[in-house]
Amino acid sequence: MNVINTFSTAVALLFAGHLSAQEASLEAPEMGIVDETVKVLYSGPGNEGDEMTIGDARGIELRGTNPADLSDGKGSVNLLMPSLPGLYTIIYRGEAGVLTTENIQVTNPEFGVRVADSATASGSLPVFWSGVNQGGAVIALRNTDGSVLDSAALPANQTSGSVRIQLPIEAGPYEVSYIIGDNIKATRAIQVTAAEETNLFAPPQVMANTKFQAVFSGPFNDRDRIVVVKAPASADSEIMSYAYLNPYRGTAVLNAPESQGLYEIQYRNRSNEVLASDTFEVLAADRETGTLSVVALENYQLKDDSAMEVILDASGSMLQDQEGEDRIDIAKDTLLKFMQTSVPEGMTFSLRAFGHIEEGSCESELLIPSAPFDYAGMAPIVKEVEAINLAKTPLAKSIEMVSSDLKGTEGERVVVLLTDGEETCDGSPAAAIRSLVDSYPNTRVNIVGYNIGDEEVSADFESWATLGNGRYFRASEAESLTVALRKAAAIPFSVYQGTRLVASGLSGDSSFELPAGTYEIAFFNNGKEVRKAVVVAGSKEAAITIP
């Protein structure tokens, strides 16, 4: 404790008539850690308005601090340290001014994690970390028994940063830990509180065999979805259509059943529990129908300030044989055809790959930095990629690197992830996608799943693509892989009649039977919504080109 400072301050104020014989004192450790709290003991007059705060080395109060109330006269305060290292001053002040101070040296931790004291169940939690990571470090959410519930890999050779992890459905105490191998370097406790009420609303009536929008709010956990079932619903009701949820939108697009009748939409979590529901009626078309086709403008390309990045999986599983060829060779051949036929010369393009470096590797490498597309110059780089046995699948890390890969891109960012397997490097692809979209809302993450036999993995991929404003495409062989890549580069659109959504799809891939009438095609071009009107006549075909 700074006794001399305390005594001199008290004496000066006593002679000035501002303080009784009772001293004001502070007792704090000599050092603190940035963005962490230190316990400070205090005693003093206990007047209304007495406060503790922190200032710089000169004793000038820092902006944005939240003073602690000291009106009880004696006790302790957990005082939050500043975010930058240096010499600071803990200040005890009263109505008449500063009563006493105490110096404290604030330093960077060797390892540390910083999170909120509490967070809502099923949400996404930002975690700020610090510490020297030479590879293999993760931030993990752990139960009180030490079991890991979710984790995010940290980039190697960085000393600080932030990641997101997924919170559990159940409320209660948990821990967020910085872990390297089997060693826990730092841990912070967090209290997970119950999620807010889940709400779900359907339009009262929709036309048979069209699309409609449901409005929702809820926990937004990974794999949360809205399903359509026949009413009255039961536990074993057949799911007629479904949509995974994007919390950034607040609406989900669903397919209306073909048959008239009463139906129900349900908000279900990953465990298939029903959190909310609403009913709606399906009506038959009340007039003659026609056909609407939406096609892409020939040689369409993203604007000059937009870009596309392909992430290619070359992990050990891509060495599996398929009809006499390795999966990696089929994937490379298909990617080269896609580049030659669907990527216009001059469009901003980049390629990242993983699995091609060494056995057991979780590294991800930018093979073609963002540049105007040049097939002749870029094709040889694709051809040289070779999968390596036992190499792992760092999906999250690869997605995390997109921000730096496409740094400076102000327009649309289209990411195409081509993979045959799940994350195997302890990362969280969902958190990586959320972080990417948080930073760059004008991003589409499309996932092409190649020979995915596990329905759980496919469900994860579909949910993650929805989080990334994109879509999930399944492919089992070369032909379907070609189609999937083409769809991944297509333009998504919606069809409205007035304010009512009736259809949605991808340019060049969709035609619809719609009741005769006037419609609007809505799509995004370089981050801005564009609408085009089209008239559908009974028993006629109508076509519209976008953009």
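As a reminder, the structure under discussion sits directly above these lines.
Reading the values: the criteria
- Residues numbered from 1 in each chain as written.
- Predicted model: local features only at pLDDT ≥ 70, side-chain atom pairs only at ≥ 80, totals over all residues.
- Heavy atoms only, no water.
- Helix = DSSP H or I, 4+ residues; strand = E, 2+ residues; numbered from the N terminus.
- Buried < 20%, exposed > 50% of the residue type's maximum accessible area, 1.4 Å probe, protein only.
- Contact = heavy atoms within 4.5 Å.
- Areas by Shrake-Rupley, 256 points an atom, 1.4 Å probe, with all protein chains shown as cover.
- Phe/Tyr/Trp six-rings, centres within 6.5 Å; stacked < 30°, edge-to-face > 60°.
- Lys NZ or Arg CZ within 6 Å of the ring centre and 35° of its normal.
- Polar contact = N/O pair within 3.5 Å; in protein donor to acceptor, adjacent residues only side chain to side chain.

1. A word on the overall build of the chain
Line of reasoning, step 1. Helices and strands together make up the secondary structure of the chain, namely 8 helices and 39 strands.
Line of reasoning, step 2. Seen through its principal axes, the chain has C-alpha atoms that stretch 100 × 55 × 45 Å.
Line of reasoning, step 3. Counting every position in the chain, which comprises 547 residues, the buried fraction comes to 50%.
Line of reasoning, step 4. Considering only intrachain contacts with a sequence separation of at least 6, the fraction spanning at least 24 residues in the chain is 67%.
Line of reasoning, step 5. For the chain, the exposed surface amounts to about 25,100 Å²; the carbon and sulfur share of it is 48%.

2. Concerning the packing of aromatic side chains
Line of reasoning, step 1. Following the criterion strictly, the structure yields 11 aromatic pairs and no others.
Line of reasoning, step 2. Taking 6.4 Å as the distance between ring centres and 75 degrees as the angle between the ring planes, the aromatic pair formed by tyrosine 42 and tyrosine 92 counts as edge-to-face. Of this pair, tyrosine 42 sits in strand E3 (residues 37-43) while tyrosine 92 is found in strand E7 (residues 86-94), placing the two residues 50 residues apart along the sequence.
Line of reasoning, step 3. For the ring pair phenylalanine 461 and tyrosine 472, a centre distance of 5.8 Å and an interplane angle of 65 degrees mean the geometry is edge-to-face. Remark: tyrosine 472 occurs in strand E33 (residues 472-475) and phenylalanine 461 occurs in helix H7 (residues 455-467); sequence separation between them is 11 residues.
Line of reasoning, step 4. Take phenylalanine 461: its relative accessible area is 0%, and that puts it in the buried class.
Line of reasoning, step 5. The exposure class assigned to tyrosine 472 is buried, which follows from its relative accessible area of 15%.
Line of reasoning, step 6. Following the ring pairs from residue to residue traces out a cluster consisting of Phe111, Trp129 and Tyr178.
Line of reasoning, step 7. Taking NZ or CZ as reference, arginine 225 lies 5.3 Å from the ring centre of tyrosine 242, over its face.

3. Brief notes about the environment of serine 398
Line of reasoning, step 1. Summarising the element assignment, serine 398 is placed in helix H4 (residues 395-400).
Line of reasoning, step 2. Once residues within four sequence positions are removed from consideration, serine 398 is found in contact with Ile311, Arg352, Phe354 and Ser364.
Line of reasoning, step 3. A polar contact of 2.9 Å, which involves the side chain of serine 398, links it to the side chain of serine 364.

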